[in-house]
Amino acid sequence: MGLIILAFFLSGKKTSCAYGPEARVLKNINSKSKEFSNEVLEQFDANTIKELLKTGDVNFSKSTPRQKPCGIYLIESSLNDKTIEITVENCDSLVKVNNLSFRK
């Protein structure tokens, strides 16, 4: 009975469950305003980069999340069978997309 009531109240609402560390980081990054370096914008437009950030995977072994004042994350995403590595600075109210490279 409780599940039916819950389904009724949550239907049509923007709800999500981000329990894992990677899902929480990506949700946090995608919820903030983004600033792109000129180097990044020369390779892709802002909308493509935002989509890559939504579908990417966080490489925690190459990230420094506790760095002050902004944690640095390496996000790996795929586009046309190529792996793209995106380096972002995750600050309190802004995400700075600093570097974008292709991995072979």
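Residues numbered from 1 in each chain as written. Predicted model: local features only at pLDDT ≥ 70, side-chain atom pairs only at ≥ 80, totals over all residues. Heavy atoms only, no water.

Student: Outline the sheet that holds strand β1 (residues 33-36), supporting the account with residue identities and numerical values.
Tutor: Sheet architecture is open: five strands sit in the order β1-β5-β4-β3-β2, paired in mixed fashion. Across the chains shown, the open sheet's two edge strands, defined by having one partner strand only, are β1 and β2 (57-64). The average undirected angle you get between the axes of adjacent strands in this sheet is 35 degrees. Taken together, the four bridges between β1 and strand β5 (residues 94-103) define a ladder with parallel strand orientation. Directly across from Ser33, in β5, lies its bridge partner Leu94. Packed on one face of the sheet, helix α2 (residues 21-30) meets β1, β2, β3 (71-79), β4 (82-90) and β5 and runs near 90 degrees to β2. Against the sheet, helix α4 (residues 46-55) engages β1, β2, β3, β4 and β5, with an angle of about 100 degrees to β3. (Pairing = 2+ DSSP bridges. Helix = DSSP H or I, 4+ residues; strand = E, 2+ residues; numbered from the N terminus. Axes fitted to C-alpha atoms, helices over the stretch in contact; angles between N-to-C directions. Contact = heavy atoms within 4.5 Å.)

Student: Explain the packing of aromatic side chains residue by residue, including any values.
Tutor: Throughout the structure, instances matching the rule amount to two aromatic pairs. Between the aromatic rings of Phe44 and Phe102, the centroid separation amounts to 6.0 Å while the plane-to-plane angle is 50 degrees, which identifies the pairing as tilted. Separated by 58 residues along the polypeptide, Phe44 in the loop between α3 (38-43) and α4 and Phe102 in strand β5 bring together distant segments of the chain. Take Phe44: its relative accessible area is 15%, and that puts it in the buried class. Phe102 gets classed as partly exposed once you look at its relative accessible area, which sits at 45%. (Phe/Tyr/Trp six-rings, centres within 6.5 Å; stacked < 30°, edge-to-face > 60°. Buried < 20%, exposed > 50% of the residue type's maximum accessible area, 1.4 Å probe, protein only.)

Student: So what about the nonpolar core? Which residues, and what values?
Tutor: Most often, soluble globular proteins keep nonpolar side chains buried together rather than apart. Formed by 18 residues in total, the largest nonpolar core has its most connected members in Ile29, Ile49, Leu53, Ile86, Val88 and Val97. Elements represented by at least two residues in this core include exactly α2, α4, β3, β4 and β5. The contacts of Val88, once residues within four sequence positions are left out, are Ile29, Leu53, Gly71, Ile72, Tyr73, Ile75, Val95, Lys96 and Val97. (Core = buried A, V, L, I, M, F, W, Y, C linked by side-chain atoms within 4.5 Å.)

Student: Pulling in residues and values, what's your account of a nonpolar patch on the surface?
Tutor: On the surface, Met1, Ile4 and Ile5 cluster together into a nonpolar patch covering about 370 Å² of accessible area. Looking at the element boundaries, Ile4 is found in helix α1 (residues 2-10). (Patch = residues over 30% accessible without salt bridge, like charges linked within 9 Å, V, L, I, M, F, W, Y side chains within 5 Å. Areas by Shrake-Rupley, 256 points an atom, 1.4 Å probe, with all protein chains shown as cover. Salt bridge = Lys/Arg side-chain N within 4 Å of Asp/Glu carboxyl O.)

Student: Which residues make up α2, and what values do they have?
Tutor: What α2 keeps buried is the set Val25, Leu26 and Ile29. Each buried residue of α2 sits inside an arc of 95 degrees when the element is viewed along its axis, so together they form one side. Lining the buried residues of α2 we find β1, α4, β2, β3, β4 and β5. (Arc of directions from axis to C-beta.)

Student: A description of the environment of Val25 should follow, citing residues and the corresponding values.
Tutor: Checked against the element boundaries, Val25 lands in helix α2. Expressed as a C-alpha distance, the spacing of Val25 and Pro65, which sit 40 residues apart in the sequence, is 9.5 Å. In contact with Val25, other than residues within four places in its own chain, are Val58, Phe60 and Tyr73.

Student: With reference to specific residues and values, describe unusual backbone geometry.
Tutor: Across the junction of Lys68 and Pro69, the peptide omega takes the value 0 degrees, indicating a cis bond. If you trace the backbone, Pro69 turns up in the loop between β2 and β3. Although it is not a glycine, Asn80 adopts a positive phi angle of roughly 55 degrees. Inspection of the secondary structure assignment puts Asn80 in the loop between β3 and β4. Asn80 gets classed as exposed once you look at its relative accessible area, which sits at 67%.

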